[in-house]
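Inside the fold
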Amino acid sequence: MQFLVIHTTLWKDDREEELTVVELPHNASSKRISAAAKSRKRGVTQFGFKTIEPGLEMENNLLGDYTASSSIVEDESGERGCFFVFPNLSIRLEGRYRLRFTLIKIPR
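In what follows, the accompanying structure is described. (Residues numbered from 1 in each chain as written. Predicted model: local features only at pLDDT ≥ 70, side-chain atom pairs only at ≥ 80, totals over all residues. Heavy atoms only, no water.)

1. Examining the pattern of salt bridges
Applicable threshold: Each reported salt bridge corresponds to a side-chain nitrogen of Lys or Arg within 4 Å of a carboxyl oxygen of Asp or Glu. Counting from the N terminus, the helices are the DSSP runs of H or I reaching at least four residues and the strands are the DSSP runs of E reaching at least two. Only protein chains enter the calculation, and the probe is 1.4 Å; a residue is then buried if its accessible area is under 20% of its type maximum, exposed if over 50%, and partly exposed in between.
By the definition in use, this model includes 3 salt bridges. Of the charged contacts in the structure, one is a salt bridge between Arg 96 and Asp 13, with a shortest N-O distance of 3.4 Å. A residue pair is termed long-range when its members are at least 10 positions apart, and Arg 96 in the loop between β9 (90–91) and β10 (97–107) and Asp 13 in the loop between β1 (2–12) and β2 (21–25) qualify at 83 residues. For Asp 13, a relative accessible area of 26% gives the class partly exposed. The closest approach of N and O atoms between Arg 92 and Glu 59, which form a salt bridge, is 3.5 Å.

Below you can see the structure in the form of structure tokens.
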């Protein structure tokens with residue numbers, strides 16, 4: 001039997017650029033830079049490397065839990081199925097995005 005997990009990332013609407021973590025101007029008074037974002041290694045994202053210009057800070061654009069484990073439950077019709085729940089997933093900056101879900105199978 002396998003244990004299933006889904007990991008979520010946020011992408012530009014055209015699917016060309018990952019926007020889970022974005023660059024914000026360091027002196028943007030309307031944007032608060034969280035302590036977690038400041039402590040994050042500059043330029044490193046979950047799945048790659050992003051070059052950052054001086055004077056820019058990294059900020060999480062996708063907020064909440066990025067991963068969810070599978071649950072076998074009944075749907076509204078009483079059918080059993082495998083579901084992944086993201087109860088607190090949100091996006092910080094307004095725009096058009098796509099969510100990318102990566103299914104990970106972990107052998108037990």
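That shown, we press on.
2. Structural notes on the pairing of strand β8 (residues 80–84)
Here is the rule we go by: Strand pairing is assigned whenever DSSP identifies at least 2 bridges connecting the two strands.
Two elements, strand β7 (residues 67–74) and β8, share 5 bridges in a ladder whose sense is antiparallel. Looking at β8, one finds that Val 73 is bridged to Gly 81. What sits between β7 and β8 in their antiparallel hairpin is a turn of 5 residues, with Gly 78 showing a positive phi close to 85°.

3. Overview of the packing of aromatic side chains
Formally: Working definition: a ring pair exists when centres of Phe, Tyr or Trp rings (six-membered ring for Trp) sit within 6.5 Å. Plane angles under 30 degrees give stacked, over 60 give edge-to-face, the rest tilted. Charge-over-ring placement is defined geometrically: NZ (Lys) or CZ (Arg) within 6 Å of the ring centre, and within 35 degrees of the ring normal.
Throughout the structure, instances matching the rule amount to 1 aromatic pair. With a centroid separation of 5.8 Å and an interplanar angle of 50°, the aromatic rings of Phe 86 and Phe 101 are classed as tilted. Here Phe 86, found in the loop between β8 and β9, pairs with Phe 101, found in strand β10; they are 15 residues apart in sequence, far enough to count as distant. By relative accessible area, which is 45% here, Phe 101 ends up partly exposed. Against the face of Trp 11 rests Arg 100, its NZ or CZ located 3.9 Å from the ring centre.

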